[in-house]
Amino acid sequence: MSEPEVTPALAREHGLTAEEYGRILTIMGRTPNRTELGIFSVMWSEHCSYKSSRKWLRTLPTTAPWVIQGPGENAGVIDIGDGDAAVFKIESHNHPSFIEPYQGAATGVGGILRDVFTMGARPIANLNALRFGDPGHPLTRHLVGGVVSGIGGYGNCMGIPTVAGECEFHASYNGNILVNAMTVGIARADRIFYARSSGPGNPIVYVGSKTGRDGIHGATMASAEFDDNSAEKRPTVQVGDPFTEKLLLEACLELMSSDAIVAIQDMGAAGLTSSSVEMAARGGLGTELDLDRVPRRETGMTAYEIMLSESQERMLLVLKPGREDFARAVFEKWELDFAVIGRVTETGNLVLKEGGRVVAEIPVQPLVDQAPLYDRPWVKTPERAALAAADVPAMATREALTRLLGAPDLASKRWIWEQYDHLVMGNTIVRPGGDAAVVRLPGGKGKKGLAVKTDCTPRYCFADPKRGGAQAVAECWRNLVATGSRPMAATDNLNFANPERPEIMGQLVGCIEGIAQACRALDFPIVSGNVSLYNETNGKGIHPTPVIGGVGLLDDVADAVSIAFEDAGEAIVLIGDTTGWLGCSLYLSALFGREDGAPPPVDLAAERCNGEFVRAAIKARHVTACHDVSNGGLLVALAEMALAGRLGASLEGPQGGVPAHGWWFGEDQARYLIATRAPGEVLALAAKAGVPARRIGTTTKAATLTGGGFEPISLAELSDAHEGWLPSYMARP
Amino acid sequence: MKARIHITLKSGVLDPQGKAIENALSGLGFGGIGNVRQGKYIELEIAEADAARARQKLDDMCRKLLANTVIENYAIEVAP
Amino acid sequence: MHAVKSAIVVFPGTNREHDAVAALRAAGGREPIMVWHRESEIPEVDLIVVPGGFSYGDYLRSGAMAAHSPIVRAIVERAKRGVAVIGICNGFQVLTEAGLLPGALMRNAGLKFVCRDVHLRVENAQTVFTAAYAQGQVIRAPVAHNDGNYFADAATLERLEGEGRVAFRYATPEGELSDGANPNGSARHIAGVFNATKTVLGLMPHPENASDPLHGGTDGLGLFQGLARALV
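Criteria and cut-off values
Residues numbered from 1 in each chain as written. Chains lettered and ligands numbered in written order. Predicted model: local features only at pLDDT ≥ 70, side-chain atom pairs only at ≥ 80, totals over all residues. Axes fitted to C-alpha atoms, helices over the stretch in contact; angles between N-to-C directions. Helix = DSSP H or I, 4+ residues; strand = E, 2+ residues; numbered from the N terminus. Parallel < 35°, antiparallel > 145°, perpendicular 65-115°, else oblique. Left-handed = near helix turned anticlockwise from the far one by under 90°. Contact = placed C-beta atoms within 7 Å. Nonpolar A, V, L, I, M, F, W, Y, C, P; charged D, E, K, R; others polar. Core = buried A, V, L, I, M, F, W, Y, C linked by C-beta atoms within 7 Å. Buried ≥ 20, exposed ≤ 12 C-beta atoms within 10 Å, placed from the backbone. Pairing = 2+ DSSP bridges.

(A) Fine view of the packing of helix H18 (residues 465-481) of chain A against helix H19 (residues 502-521) of chain A. Residue and element names in this part refer to chain A. At their nearest, the axes of H18 and H19 sit 6 Å apart, and the two run at 40 degrees to each other. On the basis of the axis angle, H18 is oblique to H19. Helix-helix and strand crossings are classified by hand; for H18 and H19 the assignment is right-handed. Between H18 and H19, the contacting residues are Pro465, Lys466, Arg467, Gly468, Gly469, Ala470, Ala472, Val473 and Ala474 on the first element and Gln507, Gly510, Cys511, Ile512, Glu513, Gly514, Ile515, Gln517, Ala518 and Cys519 on the second. Residues that form the contact of H18 with H19 fall into these classes: 10 nonpolar, 6 polar and 3 charged.

Spelled out as structure tokens, the structure:
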């Protein structure tokens, strides 16, 4: 088979601009062959090079005394004491999941799991943040069903509990759903493995599944807008094999308990290309690979195909010299392919050989360092005027609550998380369905645990990117606090539309600014992340969706609280100020189809102060249940606590002159609801700390919400609305 | 030679997947559909020149592993 | 005092072996011996556990490929000698595929993986596995499976009922049988069955994930404690 001639037109087909192609010619000093062009195209894709976002990502706070590894490795690493480290990252698989929801979502989970265990960590929790189109859109039901069973199919088989996440619906995702998967793992802090090649002459080893033609150009697909022909891109979607990945996990961790590994990286997007190039670049070295030795599933594969394949469940290792046989025995025990395919060199070049002949030779440093970096033009999103409560229609509280609890964004997601094994490993202490989930560290040794959660409110980000970015961080942080944990660090998944449009670039810039500000104010650094751009179909972009995945630390999981009311007769106390902010609220969008007004302000000082107070109150065991107040406001949060605990509440009416709809459904930030047996003490401590707190009711045995100036509502009725929507939606033909 | 094995649920065994397919087909407007049953299809190459002996081996494979005879029937086709 | 000796069999794809270890530890047994599937011999133990997971990825049929491994032949031998064997979830599927227990586990009637707490009615408390429970007692433990829909032909079901070989049934918290309380469509709400000598138990729910106060309940621990007492 003859290789096609490389021309500017072929470069364009590979998604490279004329200017980028010119830069390749300069680096190479000649016309590249097709394999070399393919390698440049994937390494310089938005997905691998972050060329549109890199300038702004650099402004994020990424360090703290407890951060062991920030962005730039396979995953972020933080020190959680006693020699333990938490390793975590979030990653998108948006485009593949739209094209083939089951496999797209499944391989998304597989990829993020590999990112984490590549670093020497045993994964202990999976999370996922999902955004689908309008429930009435003809594709939505099919996509929800496929994505959820794909996530479950992979995570369940791996035996990693899927414990938390979110799922929302909006018409802006009709043509571009979002599937963001996060994995949290545990390692010894002094046994972290990096993807940094060293030691010229060291063997480079390929392990895992064989290479096929699947997923060629997945990275470039993830960097392009959709059009009506996108469904035809189906052949490039990879197929996941969670069984092989489980074996790969166990084999890697077994080998990692020895001293045989110098460096390790998974073959994710852009497969063998990005793994070999990035390991060499980080180590400032070269790599020589003999492609004839790459295990393959299909015959007649070209160098181009081998280098660009995105076959799943593969890893690339650099071993210490002489340790090949030892490593081979480990992988053979787990029935996995093992092949020495090359060696580390001092040349600084990536050299690929086939039949003893050099088929590609590219200098590594320029391939990585001279990747394009764009300062794309951007315009600031115009500020919106705040919406007065008087401009928002009132609805009977009883009716509004019932409808909100059954609205797609707030309805129970039990139908989803019951398809995920959220209990395997036996360490799930706070289960899905509340704020953050809590998982105990494995091994049955200590009492420590991690709280984990993802958050984002895209309609806020769309209205005011900076405020929305800060709010996503604040809400995630608050969710971690609400379990009693100390928020430690976060990972971000920045999902945006086409950055070549200045208004979209403005959203990206604004959101990052807000995220950076909130992370600084809350001592909550970003240690890993992913950017997904071009989430746009026929010129229609998604709402900006910067998902924040957070990790908090609990010294003793027995201290953790959930959202469920525990007992009747306890005081319900609202922490934080309530002005009745209805602009951009779910009340407005779900009940009146309106998304106008400015989103609620985010007061980071109040956020921190209120959060620290709540965490201390939980630690002091004053709190029996805690829930952050966010989407849907106070009464929604309260109803969720009542439903989870199967206890009612008798409530005071609106206070401070706030109108009823603003009081019950406004979305003022920095607020929590707590249940306590010691209200006097809690209120006194709050007063001393300068934290706004007021008692708004009492839990009751009677399963009804009473008082509050509205008609009583039975929990049975609320439960029907809350639990009913998703199963009945999914059951429709 | 090449062998094809069809594995189907026994007639008395409820097939929820077949039922779901049937419902989905009628939801798509295909009328007059009934008794949808989902099964498995396995293809393999067997190094055996004699068809009868190949069948015997395949039968053994089906009983030992490929089918669960508590709930499944199987049918074997061989082609040179 | 002699503490119960157990072996936990691990196949490629097994993933709840450590959950079983934790429950056996909590019940006061000796540290279980982990046995890799390629081994053809099982150490001398009082109890063999075939834990949950996705042996061989659940490819072909759940439990089918593991059931034909050499180690399972060794388990069958040992079971014939009266050694107690418990198969949990995927382990139950393996034991039915291996012919140690009657029936088969089919795809859940709802066609979806299901992970949630269920209530189980103890149908026969006169066995080594259930001695810690009272007849008719209702306990709570989670299920987590795709293929838990118990099937056996009518004659087999009658025989199981007649011989007291139904171990647990899915029930409401009050112990009533109802389709709503049955998470997978199992025939006669069966969640677990014994072999003829009641020395082999297979069940879909996970008592090992209800064995620690921090799990939100310890109803499952009784099974391991009962075994620890009965087998020494």
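Alright, that's what it looks like, and here's the rest.
(B) View of the nonpolar core. Grouped together as the largest cluster of nonpolar side chains are 323 residues, with contacts concentrated most on A:Val452, A:Val473, A:Ile674 and C:Val9. Among residues more than four places away in sequence, those in contact with A:Val473 are A:Ala490, A:Ile515, A:Ala518, A:Cys519, A:Leu522, A:Phe524 and A:Ile548. Counting 7 residues, the second-largest nonpolar core is a separate cluster that includes B:Ala3, B:Ile5, B:Cys62 and B:Leu66.

(C) Region of the structure containing the sheet that holds strand S11 (residues 337-345) of chain A. All names here are of chain A. The sheet built from 7 strands is open, its strands ordered S8-S10-S7-S11-S9-S12-S13 with mixed pairing. Edge positions in the sheet fall to strand S8 (261-266) and strand S13 (357-363), since each of these pairs with one other strand and no more. Adjacent strand axes in the sheet meet at a mean angle of 25 degrees, parallel and antiparallel pairs treated alike. Where strand S9 (residues 286-290) and strand S12 (residues 349-354) come together, 4 bridges link them in parallel fashion. Within S12, the residue paired with Thr287 across the bridge is Leu350.

(D) Representation of the interface of chain B and chain C in the model. Facing the 9 residues of chain B at the interface are 11 residues of chain C. Within the residue set of the side of chain B that touches chain C, elements represented by two or more residues are helix H1 (16-27) and helix H2 (51-66) of chain B. Per element, the largest residue contribution to the side of chain B that touches chain C is 3 residues, and it comes from H1(B). Here the side of chain B that touches chain C is composed, by residue class, of 6 nonpolar, 2 polar and 1 charged.

(E) Geometry of the interface of chain C and chain A. Each side of the interface is counted separately: chain C has 23 residues, and chain A has 23 residues. Of all the secondary structure elements, the ones that give two or more residues to the side of chain C that touches chain A are helix H1 (17-26), strand S6 (114-122) and strand S7 (138-145) of chain C.

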